[in-house]
Amino acid sequence: MKSLNLKHVAISAATVYAIGILAFVGSYFIPLLDEADFQANLVLMIAIIPSAYLGAHFYYRKAHGTNGFILGASMFVGAMVLDALITVPLFIIPNGGNYVSFFGDPGFWLIGVEYIGVVVAYWQFRVVDRQVRHVL
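Reference entry: report on the structure contained in this document. Since the structure is predicted, the reported quantities are computational estimates derived from the model, not experimental observations. The residue count restarts for each chain, going from 1 along the sequence in the order it is written. Reporting in this predicted model follows two pLDDT cut-offs: at least 70 for local features of residues, and 80 or more for side-chain atom pairs to be given and counted; totals over whole chains, interfaces and linings ignore these cut-offs and use all residues. By convention in this description, side-chain values take in all heavy atoms of the structure and omit both hydrogens and water.

1. Points about the overall build of the chain
Regarding its fold elements, the chain presents five helices and zero strands. The way it works is that DSSP assigns letters per residue, a run of H or I at least four long becomes a helix, a run of E at least two long becomes a strand, and they are numbered from the N terminus. Ordering the α and β elements of the chain from the N terminus gives α-α-α-α-α. In terms of overall dimensions, the chain has C-alpha extents of about 55 × 30 × 20 Å along its principal axes. Throughout, exposure labels follow a simple rule: accessible area from a 1.4 Å probe, protein chains only, divided by the maximum for the residue type, with under 20% read as buried, over 50% as exposed, and the rest as partly exposed. Split into buried and exposed, the 136 residues of the chain put 36% on the buried side. It only takes one pair of heavy atoms within 4.5 Å for two residues to be counted as in contact. At a minimum sequence separation of 6, the contacts of the chain that also span at least 24 residues come to 69%. Accessible surface area values rest on a Shrake-Rupley calculation with a 1.4 Å probe, where residue burial reflects the displayed protein chains alone. For the chain, the accessible surface area stands at approximately 8000 Å², while carbon and sulfur atoms represent 71% of it. Positive charges come from Lys and Arg, negative ones from Asp and Glu, while His and the chain ends are left out of the count. The atoms used to mark charge sites are NZ of Lys, CZ of Arg, CG of Asp and CD of Glu. Looking at charge distribution, the chain has the averaged site of its 7 positive side-chain charges lying 29 Å from that of its 7 negative ones.

2. So, the side chain of Gln39
With respect to the helices and strands, the residue Gln39 is situated in helix H2 (residues 36–60). According to the relative accessible area criterion, Gln39 is buried, its value standing at 5%. Residues in contact with Gln39, not counting those within four places in the same chain, are Ser27, Ile30, Pro31, Leu32 and Leu33.

3. Points about the nonpolar core
Soluble, globular proteins show a tendency: their nonpolar side chains are buried together. Only buried residues count toward a nonpolar core, which is a set of Ala, Val, Leu, Ile, Met, Phe, Trp, Tyr and Cys residues joined through side-chain atoms within 4.5 Å. The biggest cluster of nonpolar side chains holds 29 residues, and the ones touching the most others in it are Tyr60, Leu71, Met75, Phe102, Tyr115 and Val119. Not counting residues up to four positions away in its chain, the partners in contact with Val119 are Ala52, Ala56, Gly68, Leu71, Gly72 and Met75.

4. What about helix H1 (residues 6–26)?
Here the expected length of a helix is defined as 1.5 Å per residue gap, with one fewer gap than residues. In a regular helix each residue adds 1.5 Å, so 21 residues correspond to 30 Å; H1 covers 29 Å between its end C-alpha atoms and thus fits that length. Turning to H1, its buried residues number three or more, namely His8, Val9, Ser12, Ala13, Val16, Tyr17, Gly20, Ile21, Ala23 and Phe24. As used in this structure description, the phrase polar contact means that two N or O atoms lie within 3.5 Å; if the pair is within protein, one of them must be able to donate a hydrogen and the other to accept it, and residues adjacent in sequence are counted only when both atoms belong to side chains. One side-chain oxygen of the residue at the start of H1 lies 3.2 Å from the amide nitrogen of Lys7, identifying that residue as Asn5.

5. Description of H2
The end-to-end C-alpha distance of H2 is 35 Å, a good match for the 36 Å that 25 residues give at a rise of 1.5 Å each. To get the bend at a given residue, fit one axis to the seven residues ending there, fit another to the seven starting there, and take the angle between those axes. Of all the bends in H2, the greatest, near 35°, is centred on Ile48, and the proline Pro50 appears no more than four residues after it. Regarding H2, the residues found buried are Gln39, Ala40, Leu44, Ala47, Ile48, Ser51, Ala52, Gly55, Ala56, Tyr59 and Tyr60.

Right, dumping it as structure tokens:
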């Protein structure tokens, strides 16, 4: 396993975070469901698939061979830090929430598992398979 490039992890995580927060906040402006918070989480669950794929693409285009699970978990931790510094103080607390309600929400962790899973899938199908084909 090649080492983790923290600079590229941070850039990839920030890209995914920016797309995710735009989707999450933007969903409140188009009310389709009665429960706005559920709708925002649903939109984020859908948006995280292409955004995590894009973040993994940004990272791996520099020919890093980092394990997909390590990269996905690192990117998710980066997103958690940005959530703690930006999302919770600017969007959650003003609407009556707090850090415990945000990070204690099972939906948050489900989205995290999905995020890591998309990065692992990208790694498996784009990085590992390419390496195997190159050897053959």
